[in-house]
Amino acid sequence: MKRIIKVYGSGCIKCKTLEKRVHKVLTELDLQFEVKKVTDIIEIMDAGVSSTPALEVDGKMIMKGRVATEKEIRASLEPYLS
Amino acid sequence: MTTITETINGSLTSGIDTLLDYLSFHVLLCLIPAFFIAGAMAVFIPKDTVMKYMGSTTPGFISYPFAALAGFLLAVCSCTVLPLFAGIWKKGAGLGPAVTFLFSAPAVNLLALTYTGSLVGLDIAFARGVLAILFAIIIGVTMDYLFPDANIKNSQENSDNTLDLTFTLSIDRILLVSAVIFGFIIVLLDFPIAFIIGIICLVVVTIRRNEQIPALMIWLVYLLFTGTSQINWSSHPTEFFGVSISDELANMLLKAFLSFIVVIGIFIHSWLYIQQDQIADWLQETKFFVRSILHLIIIGVFVAGLAKYFIPQELVADLLGSNTVLANVFGVLFGIFMYFPTLMEVPIAKLFLDLGMAKGPLLAYLLSDPELSIQSILVTHKLMGKEKNIVYVILVGILTTIAGLIFGLAIGEGFSLY
């Protein structure tokens, strides 16, 4: 079963940029993750996110409130490189 | 066929003229600093600190003003408003302050105010800010009064929310506040000496190394002060390096020069005290704002200019030309039912102003439009439920009408029913 990356955001330019970066890093590292975009505001709140965009990798919240850099995304995926 | 060509020609010319008028040097001096300030606010203002003042144990006379202020300080991106609203309601001060925040955020966010000030006029922008904060608090208090059992006081979650309200006075803080006061004096009274004293205050704070982030914010705000000042020191054509220039141009050059001094101050302060990665974040946030908003501004101004060609002036002047209750209600209804993307309400307001709309109804429109777009009503409906949402919408409608009437009355537009 594929592991999940969740990108929290309601559709503004920051969230879209984060999603693009995640896809870019996944391709570069050749990792198989499912990327889910969470746009529903209730779901975002329930996850404890008080400011979008937010990034969650395999159940762990990596970044809240700003767009993670490619370096930060890579660092969070480091443990999954076999 | 000729009439169609004429129409296209006329309207395009109107659109382009309006756009070029707006993109004048004067406006760029206001709008560009605003983007940088918005970026800085997004990076440097700590959300948690501000949210602390809206905890569940905070007394009302603090949480409400702070909720309104938070709308100004935090809501620079629309994606922040809704999660924060939910946070304040469910985990913080309750429904009232949350609603206050919800109302003030779109109305007093920095880019909206700067845009309004530069396109429509400083008086309307100022009124928009002040009245929005006032009515945000009124609406919040009313909602809290009408729905007293909406507050889920979760004592377990907020047990360590002890609020430290002591405000320590320090030389730096006094200097910073003085700098702001002098900044306002520059804009409102145009005393050159105010600029010099203000800059000296800021330089002293920079040298003293304390309050680094607040000082940076005030430095940035000074750019807005110089940008919006109505400097009028040159009253006749003067000589500049041997070239004779009009006094209008001379004044503009003076403003640019003052702004340049402030920019040097910002550079030095940032170089001394702000980390490299923070600056990178700041520039990235600024870039995001420009990318998401600038094209909306340009298109908005152009389209409003286009529309100006088609709307009959007599109709506007007749129906909306004076500060009547009818005109204000119309302004509010127009704001509710006409859907425009963010910030589009500003060039539309300018359009109506040019066509003869009175300033009272204009303010009513400007206040109600960002609050009650179909999109935000749908979201608040999901968050608050049908009953609260309907009450909120009605409250906003009534109070923005009243706000417009009061403003119109205050600037001498009179008052009547229709």
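Position numbers for residues count from 1 along each chain, tracking the sequence in the order it is written. Naming scheme: in the order in which they are written, chains are lettered from A and ligands are numbered from 1. Totals for whole chains, interfaces and linings use every residue, but because this is a predicted model, local features are given only for residues with pLDDT of at least 70 and side-chain atom pairs only at 80 or more, for both listing and counting. Where side-chain values are given, they derive from all heavy atoms of the structure, hydrogens and water being excluded.

Digging into the overall build of chain B
No. 1: When you go through chain B residue by residue, the secondary structure sums to 19 helices and two strands.
No. 2: In terms of overall dimensions, chain B is globule-like: its C-alpha atoms have a radius of gyration of 23 Å, near the 22 Å expected for 418 residues.
No. 3: Taking the principal axes of its C-alpha atoms as reference, chain B extends roughly 70 × 55 × 40 Å.
No. 4: Should any heavy atoms of two residues lie within 4.5 Å, those residues are considered in contact. Considering only contacts in chain B between residues 6 or more positions apart, those separated by 24 or more positions represent 80%.
No. 5: Put simply, chain B shows about 19,800 Å² of open surface, and 70% of that area lies on carbon and sulfur atoms. Helix numbers and strand numbers start at the N terminus; a helix is a DSSP run of H or I with at least 4 residues, a strand a run of E with at least 2. Atoms counted for the radius of gyration: C-alpha only. Globule rule: 2.2 Å times residue count to the power 0.38. Where accessible areas are quoted, they stem from the Shrake-Rupley method and a 1.4 Å probe; at the residue level, only the protein chains shown are allowed to cover.

Things to note about the packing of helix H13 (residues 276-308) of chain B against helix H16 (residues 345-354) of chain B
All names here are of chain B.
No. 1: Angles shown run from 0 to 180 degrees and are taken between the N-to-C directions of axes, each axis being a line fitted to C-alpha atoms and, for helices, limited to the stretch in contact. Put simply, H13 and H16 touch, their axes get as near as 8 Å, and they point 30 degrees apart. Put simply, H13 runs roughly parallel to H16. In terms of crossing hand, the pair formed by H13 and H16 is right-handed. Packed against H13, whose contacting residues are Gly300, Val301, Ala304, Ala307 and Lys308, the element H16 presents Pro347, Ile348, Leu351 and Asp354 at the interface.
No. 2: Three classes are used, and their members are as follows: Ala, Val, Leu, Ile, Met, Phe, Trp, Tyr, Cys and Pro are nonpolar, Asp, Glu, Lys and Arg are charged, and the others, Gly among them, are polar. Here the residues of the contact of H13 with H16 sort into six nonpolar, one polar and two charged. Note on terminology: angles under 35 degrees are roughly parallel, angles over 145 are roughly antiparallel, angles of 65 to 115 are roughly perpendicular, and the others are oblique. Crossings are sorted by hand: turned counterclockwise from the far helix by less than a right angle, the near helix makes the crossing left-handed, and turned clockwise it makes it right-handed.

Regarding the confidence of the model for chain B
All names here are of chain B.
No. 1: A score between 0 and 100, pLDDT records how confident the predictor is in each residue. On average, residues of chain B score 81 in pLDDT, and 91% of them reach the 70 mark or higher.
No. 2: Low confidence marks residues 155-160, where pLDDT is under 50. Its contacts with residues over four positions away, or in another chain, come to three contacts.
No. 3: The ipTM for the predicted assembly is 0.76, set against a pTM of 0.82.

Here we look at the packing of aromatic side chains
No. 1: Paired rings are identified among Phe, Tyr and Trp, the last through its six-membered ring, by centres lying within 6.5 Å, and are further divided according to the angle between planes into stacked (under 30 degrees), edge-to-face (over 60) and tilted (the rest). This structure, assessed with the given rule, holds nine aromatic pairs over all chains.
No. 2: Seen from their ring centres, Phe33 of chain A and Tyr80 of chain A are 5.4 Å apart, and the 85 degrees between their planes marks the pair as edge-to-face. Of this pair, Phe33 of chain A sits in strand S2 (residues 33-38) while Tyr80 of chain A sits in the segment after helix H3 (70-77), placing them 47 residues apart in sequence.
No. 3: Arranged with centres 6.0 Å apart and planes meeting at 50 degrees, the rings of Phe85 of chain B and Trp89 of chain B form a pair that is tilted. One end of the pair is Phe85 of chain B and the other is Trp89 of chain B, both in helix H5 (residues 78-91) and four residues apart, which spans about a single turn. Taken individually, Phe85 of chain B and Trp89 of chain B each receive the classification buried, so the pair is uniform in this respect.
No. 4: An aromatic cluster of three or more residues is present, and its members are Phe330, Phe334, Phe352 and Tyr365 of chain B.
No. 5: We call a charge positioned above a ring when the Lys NZ or Arg CZ atom is no farther than 6 Å from the ring centre and deviates by at most 35 degrees from the ring normal. The aromatic ring of Phe147 of chain B is capped on one face by Lys388 of chain B, whose charged end is 5.2 Å from the ring centroid. Classification of residues uses two cut-offs on accessible area relative to the type maximum, computed with a 1.4 Å probe and protein chains only: under 20% is buried, over 50% is exposed, and between them is partly exposed.

Details of helix H15 (residues 325-337) of chain B
All names here are of chain B.
No. 1: The span one expects for a helix is its residue count, reduced by one, times 1.5 Å. In a regular helix each residue adds 1.5 Å, so 13 residues correspond to 18 Å; H15 covers 18 Å between its end C-alpha atoms and thus fits that length.
No. 2: Looking only at H15, the buried set comprises Ala327, Asn328, Gly331, Val332, Phe334, Gly335 and Ile336.
No. 3: Buried residues along H15 sit against helix H14 (313-320), H16, helix H17 (359-371), helix H18 (374-384) and helix H19 (386-410).

Some details on the layout of surface pockets
Residue and element names in this part refer to chain B.
No. 1: Estimated volume of the largest pocket: approximately 2,200 Å³.
No. 2: Any residue with an atom within 4 Å of a point lines the site, the site being either a cavity, points on a 1 Å grid over the protein atoms alone where a 1.4 Å probe fits but cannot get out, or a pocket, an open set with protein on both sides within 12 Å along at least 5 of 7 lines. In terms of lining, the largest pocket is formed by 48 residues, of which the most central are Leu69, Phe72, Leu73, Val180 and Ile218.
No. 3: Secondary structure elements with two or more residues in the lining of the largest pocket: helix H2 (25-44), helix H3 (47-52), helix H4 (60-74), helix H7 (110-119), helix H8 (122-146), helix H9 (171-189) and helix H11 (212-228).
No. 4: Element by element, the count of residues in the lining of the largest pocket is highest for H11, at eight residues.
No. 5: Taken together, the residues of the lining of the largest pocket sort by class into 35 nonpolar, eight polar and five charged. Grid points are joined across faces, edges and corners, and a volume is the space filled by probe spheres set on the points.

Describing unusual backbone geometry
Residues and elements named next belong to chain A.
No. 1: The backbone of Asp30 shows a phi angle near 55 degrees, a positive value even though the residue is not glycine.
No. 2: With respect to the helices and strands, Asp30 occurs in the loop between helix H1 (13-29) and S2.
No. 3: Residues other than glycine seldom take positive phi values, yet Asp58 does so here, at roughly 50 degrees.

Focus on the interface of chain A and chain B
No. 1: Taken residue by residue, the interface counts 16 residues in chain A and 16 residues in chain B.
No. 2: With both chains or domains summed, chain A and chain B bury close to 1,500 Å², and 62% of this area falls on carbon and sulfur atoms.
No. 3: Three residues stand out in chain A for area buried against chain B, namely Ile13, Lys14 and Ile41 of chain A, and they jointly supply 33% of the buried area on that side.
No. 4: The working definition used for a salt bridge is a side-chain nitrogen of Lys or Arg within 4 Å of a carboxyl oxygen of Asp or Glu. Our count for the chain A to chain B interface comes out at three salt bridges.
No. 5: Taking the shortest distance from any N to any O, the salt bridge between Arg66 of chain A and Asp281 of chain B comes out at 3.4 Å.
No. 6: For this analysis, a polar contact is any N or O atom pair within 3.5 Å, provided that within protein one partner can donate a hydrogen and the other can accept it, and provided that sequence-adjacent residues contribute only side-chain to side-chain pairs. In this assembly, chain A and chain B are joined by three residue pairs in polar contact (both at pLDDT 80 or more). Defined here as a combined quantity, buried area equals the accessible surface (1.4 Å probe) lost by two parts on assembly, summed across both.

Notes on the side chain of Ser14 of chain B
No. 1: Tracing the sequence through the fold places Ser14 of chain B in helix H1 (residues 2-22).
No. 2: Discounting residues that sit within four places of it in the chain, Ser14 of chain B has contacts with Gly305, Leu306, Lys308 and Tyr309 of chain B.

Points about the pattern of salt bridges
No. 1: Counted according to the given criterion, the structure contains 14 salt bridges over all chains.
No. 2: Between Lys14 of chain A and Glu285 of chain B there is a salt bridge, and its shortest N-O distance comes to 2.9 Å. Of the two residues, Lys14 of chain A sits in helix H1 while Glu285 of chain B sits in helix H13, which places them in two different chains. Glu285 of chain B carries the same exposure label as Lys14 of chain A, and that label is buried.
No. 3: Across the salt bridge formed by Lys24 of chain A and Glu70 of chain A, the nearest N and O atoms sit 2.9 Å from each other.

A few points about H8 of chain B
No. 1: Taking 1.5 Å per residue, 25 residues should reach 36 Å; H8 of chain B reaches 36 Å between its end C-alpha atoms and fits that length.
No. 2: Within H8 of chain B, the full set of buried residues consists of Ile124, Ala125, Ala127, Arg128, Gly129, Leu131, Ala132, Phe135, Ala136, Ile139, Gly140 and Met143 of chain B.

Here we look at the nonpolar core
No. 1: Residues belong to one nonpolar core when they are buried, are Ala, Val, Leu, Ile, Met, Phe, Trp, Tyr or Cys, and are joined through side-chain atoms within 4.5 Å. With 117 residues, the main nonpolar core has Phe85, Ile139, Tyr222 and Tyr392 of chain B as its most contacted residues.
No. 2: Counting residues per element, this core draws most heavily on H11 of chain B, which supplies 10 residues.
No. 3: In terms of nonpolar packing, the next biggest core, distinct from the first, is built from 16 residues, Leu26, Val57 and Leu77 of chain A together with Phe288 of chain B among them.

Digging into the sheet that holds strand S3 (residues 54-57) of chain A
Residue and element names in this part refer to chain A.
No. 1: Overall, mixed pairing links the four strands, which are arranged S2-S1-S3-S4 in an open sheet. In this open sheet, the two strands that pair with only one neighbour each are S2 and strand S4 (60-64). Sheet twist, expressed as the mean angle between neighbouring strand axes with direction ignored, is 20 degrees.
No. 2: Lying on the sheet, H3 is in contact with strand S1 (3-8), S2, S3 and S4; it crosses S3 at an angle near 20 degrees. At least two bridges found by DSSP between two strands is the condition for calling them paired.

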